[in-house]
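Close look at the chain arrangement
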Amino acid sequence: MIRSRRCGGGFSRGESGPSPPSAAGSIRRAGVETEITELAGGLAFDGRRARLSGLALTTSEASLTIDGTVGLLVAGPSYFDLRLSGRTDVPGAARWATSVEMPHGAVDIDGMVAGRLGAPRLDARLHGERLRWGPLTFTDLTAEIDLDLDADRLHVTRLGAS
């Protein structure tokens with residue numbers, strides 16, 4: 001669930017439209033909630049697809065820029081086809097997935113999200129510096145991942161650490 005605390009401005013129908021207003025809000029899922037501190041950029045809806053252009057989303061856990069399409073009222077299943085880049089705080093983002101102790105630090109992400117809305121696939125490159133996990137400290141960590149939620153599979157195609 002995404003909830004906005006302020007209203008104003010708006011979105012338009014058609015191939016292009018005004019940027020959504022910067023607004024505070026929150027995202028909640030399975031008892032975990034975060035505050036949205038920025039939501040701004042280009043968003044257009046043509047009656048079937050939402051097109052995102054330079055959409056900036058900032059929470060306490062992450063800062064992302066998103067470009068691409070979300071097919072909503074289309075023949076066949078609804079879908080994502082998004083390019084994203086940004087930075088995330090590892091322990092803050094991990095609380096959305098698990099309660100197991102996670103590394104401390106921040107990770108840069110650059111990748112694509114595509115597939116059905118209920119089971120998207122993420123192909124991404126990750127890079128972190130000065131990450132700590134228990135007694136281990138990584139001064140430089142890089143990874144290329146393929147996360148397929150439909151197949152419940154995470155494939156790490158490249159991993160480098162020092």
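Residues numbered from 1 in each chain as written. Predicted model: local features only at pLDDT ≥ 70, side-chain atom pairs only at ≥ 80, totals over all residues. Heavy atoms only, no water.

Before going further, it helps to spend a moment on the overall build of the chain. Regarding its fold elements, the chain presents 1 helix and 11 strands. For the chain, the proportion of its 162 residues judged to be buried stands at 31%. Just so you have it, the chain exposes about 9600 Å², and 58% of that area is on carbon and sulfur atoms. (Helix = DSSP H or I, 4+ residues; strand = E, 2+ residues; numbered from the N terminus. Buried < 20%, exposed > 50% of the residue type's maximum accessible area, 1.4 Å probe, protein only. Areas by Shrake-Rupley, 256 points an atom, 1.4 Å probe, with all protein chains shown as cover.)

Residue position: Glu-61 is located in the loop between β5 (49–59) and β6 (62–71). Among the polar contacts made by the side chain of Glu-61, one reaches the side chain of Ser-60 at a distance of 3.5 Å. Excluding anything up to four places from it in sequence, Glu-61 contacts Thr-34, Arg-87, Thr-88, Asp-89, Gly-92, Ala-93, Arg-95 and Trp-96. (Polar contact = N/O pair within 3.5 Å; in protein donor to acceptor, adjacent residues only side chain to side chain. Contact = heavy atoms within 4.5 Å.)

For residues other than glycine, phi is negative in most cases, and the peptide bonds are mostly trans. Notably, Arg-130 is not glycine yet its phi reads approximately 55 degrees, a positive angle. Assignment of secondary structure puts Arg-130 in strand β9 (residues 119–133).

The subject of this paragraph is the pattern of salt bridges. Applying the stated criterion across every chain yields a total of 11 salt bridges. For Arg-28, the salt bridge identified is with Glu-33, shortest N-O distance 3.5 Å. We classify Glu-33 as partly exposed; its relative accessible area is 27%. Measuring nitrogen to oxygen at the nearest pair gives 3.0 Å for the salt bridge that ties Asp-110 to Arg-125. (Salt bridge = Lys/Arg side-chain N within 4 Å of Asp/Glu carboxyl O.)

Our focus in this paragraph is the environment of Asp-110. You can see Asp-110 is positioned in strand β8 (residues 104–116). Taking the C-alpha atoms as reference, Asp-110 lies 6.7 Å from Gly-86; in sequence the two are 24 residues apart.

By secondary structure assignment, the location of Thr-88 is in strand β7 (residues 79–89). Here the side chain of Thr-88 touches Glu-61 through a polar contact of 3.0 Å, landing on its backbone oxygen. Apart from the residues lying within four places of it in its own chain, the contact partners of Thr-88 are Glu-61, Ala-62, Ala-93, Gly-105, Ala-106 and Val-107.

In terms of nonpolar packing, the biggest core is built from 14 residues, with Leu-52, Ile-66 and Leu-82 touching the most fellow members. Counting residues per element, this core draws most heavily on β5, at 3 residues. When sequence neighbours within four positions are dropped, the list of residues in contact with Leu-82 reads Leu-52, Ile-66, Asp-67, Gly-68, Thr-69, Val-70, Gly-111, Met-112 and Val-113. (Core = buried A, V, L, I, M, F, W, Y, C linked by side-chain atoms within 4.5 Å.)

Inspection of the sheet shows strand β3 (residues 25–29) paired to strand β4 (residues 32–45) by 5 bridges, in the antiparallel sense. Across the sheet, Gly-25 pairs through a bridge with Ile-36, a residue of β4. Connecting the antiparallel pair β3 and β4 is a turn made up of 2 residues, with Ala-30 showing a positive phi of about 50 degrees. (Pairing = 2+ DSSP bridges.)

To continue, consider the pairing of β4. Pairing between β4 and β5: 8 bridges, direction antiparallel. Note that in β5 the partner of Leu-43 across the bridge is Leu-52. Between the end of β4 and the start of β5, which pair antiparallel, lie 3 residues, with Gly-47 showing a positive phi angle near 100 degrees.

Per-residue pLDDT for the chain averages 81, and the proportion of residues at 70 or more is 83%. Considering each helix and strand of the chain separately, the mean pLDDT is smallest for strand β2 (residues 12–13), with a value of 38, and largest for β6, with 94. Residue range residues 1–23 is modelled with pLDDT below 50. Its contacts to residues more than four positions away, or to other chains, number 59 contacts. (pLDDT = per-residue confidence, 0-100.)

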